[in-house]
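Structural features, examined
Below are the chains, spelled out letter by letter.
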Amino acid sequence: MHFQWYPGHMTKAKRMMQENMKLVDLVIELVDARIPLSSRNPDIDELGKNKARLVLLNKADLAEERWNDAWEEYFKERGFLAAKVNSRKNSGMKPVHGVIQEACKEKIERDRKRGILNRPVRAMVVGIPNVGKSTFINSLAGRACTKTGNKPGVTKGKQWIRLNKQVELLDTPGILWPKFEDQQVGLRMALIGSIKDEILNTEELAAELIRALDIHYPGILEEKYRIDADEAVNTDHMDRTGNISADGQASVDPYRMLAGIAESRHCLLRGNELDTDKAAALLLDDFRNGRIGRLTLEYP
């Protein structure tokens, strides 16, 4: 599969971010805790240079805790302030106010020395589509300030939100970059829903997810969907007697697994034919919403 999605409004959004960067003291970058590197737009480092930086591992409840901790340490070692948050369930949000103040303590001290008191910290919230920026802002503010949705492209323009006397946030649209050098990055972003599903082949995308989970979480899909492990085995890895061949271990055949999920979840077309497209959409939705379990697809 080839992954690319860069609609026209993203060029406009990037230009808007460049123009507004001079107005802010801090860049708050949200990444998806399941794929922290792949969900970082490389343009942000250039746009936000010379600004205080905070990386938030959002949707931390959907990723494995041990890897959340490892990624938090990874970013701190590279000079960022970092924290884990789950803005959907308002978890880990209270300390964020303190981290924002810590990130801008030099700016606050400079203001104090100049006699400028109580000027709020201005922070720009950035990230790729569907990483949860608007939900994060609403959760931090304790009220519905911005429109949210579990799909990319909900936020179209900039919006200033005053959290309190100390902090003002600038919400920005999610932006990608024009060309993914590594298609694995595009794949991971498609899996978490940062690329419009309408331009993707759902079955192929689900097959890629099955392959990834078979490597890192073997057996998890068989258990979740109550599929006989033998039914989903890739027979290419077996010899004529049904034993695992010498060229490696028997791995899952993603399309046989999709058929198993379709059967398990009664995804049927007319004539009782298995609806694997519907099963693929169901699998992706279960993964994106954490119903398969806490899963991390990228490691520091």
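Now for a look at the structure at hand.

About the thresholds
Residues numbered from 1 in each chain as written. Predicted model: local features only at pLDDT ≥ 70, side-chain atom pairs only at ≥ 80, totals over all residues. Heavy atoms only, no water. Helix = DSSP H or I, 4+ residues; strand = E, 2+ residues; numbered from the N terminus. Contact = heavy atoms within 4.5 Å. Areas by Shrake-Rupley, 256 points an atom, 1.4 Å probe, with all protein chains shown as cover. 1 Å grid on protein atoms, 1.4 Å probe; cavity = no way out; pocket = protein on both sides within 12 Å on 5 of 7 lines; lining within 4 Å. Points joined across faces, edges and corners; volume = space filled by probe spheres on them. Pairing = 2+ DSSP bridges. Axes fitted to C-alpha atoms, helices over the stretch in contact; angles between N-to-C directions. Buried < 20%, exposed > 50% of the residue type's maximum accessible area, 1.4 Å probe, protein only. Arc of directions from axis to C-beta. Expected span 1.5 Å × (residues − 1). Salt bridge = Lys/Arg side-chain N within 4 Å of Asp/Glu carboxyl O.

On to the overall build of the protein, then. Counting secondary structure elements, the protein contains eleven helices and six strands. Contacts in the protein between residues far apart in sequence, at least 24 positions, make up 68% of those at least 6 positions apart. On the protein, roughly 15000 Å² of surface is accessible, and the fraction owed to carbon and sulfur atoms is 47%.

Taken as a whole and judged by the stated rule, the model has one cavity of 30 Å³ or more. Surrounding the largest cavity, I210, L213, D214, Y217, P218, G219, I220, L221, E222, V252 and M257 form its lining. For the lining of the largest cavity, the secondary structure elements donating two or more residues are α8 (202-216) and α9 (220-225).

Turning to the sheet that holds strand β4 (residues 121-126), a few remarks are in order. Hydrogen bonds along the backbone pair up the strands of a sheet, which may run parallel or antiparallel. The strand order β3-β2-β1-β4-β6-β5 describes an open sheet built from six strands, whose pairing is mixed. Among the strands making up the open sheet, the edge pair consists of β3 (81-84) and β5 (159-162). This sheet shows a mean twist of 25 degrees between the axes of neighbouring strands, independent of strand direction. For strand β1 (residues 26-32) and β4, the ladder comprises four bridges, and the chain directions are parallel. Residue pairing in the sheet places I28 in a bridge with V125 of β4. Packing of helix α3 (residues 65-77) onto the sheet brings it into contact with β2 (52-58) and β3, and relative to β3 it is tilted by some 170 degrees.

So, about helix α4 (residues 94-103). Three or more residues of α4 are buried, namely V96, V99, I100 and A103. Each buried residue of α4 sits inside an arc of 105 degrees when the element is viewed along its axis, so together they form one side. The exposed set on the far side of α4, more than 90 degrees from its buried face, consists of K94 and P95.

Bringing α3 into the picture now. Spanning 13 residues, α3 covers 18 Å between terminal C-alpha atoms, matching the ideal 18 Å at 1.5 Å per step. Within the span of α3, buried status applies to N68, W71, E72, Y74 and F75. Along the axis of α3, the buried positions cluster into a sector of 160 degrees, meaning they face one direction only. Away from its buried face by more than 90 degrees, α3 exposes R66 and E77. Considering only its buried residues, α3 is in contact with β2 and β3. Immediately downstream of α3, the backbone of G79 shows phi near 90 degrees, a positive value.

Right, let's get into the pattern of salt bridges. All told, the structure shown has 26 salt bridges when counted by the stated rule. Note that R122 is salt-bridged to E168, the shortest N-O span being 2.9 Å. Taken as a pair, R122 in strand β4 and E168 in strand β6 (residues 167-171) lie far apart in primary sequence, 46 residues in all. Given the relative accessible area of 25%, R122 is considered partly exposed. The class of E168 is buried, set by a relative accessible area of 12%. With a shortest N-O distance of 2.3 Å, D285 and R291 are connected by a salt bridge. Taking the relative accessible area as the measure of exposure, D285 reaches 35% and is therefore partly exposed.

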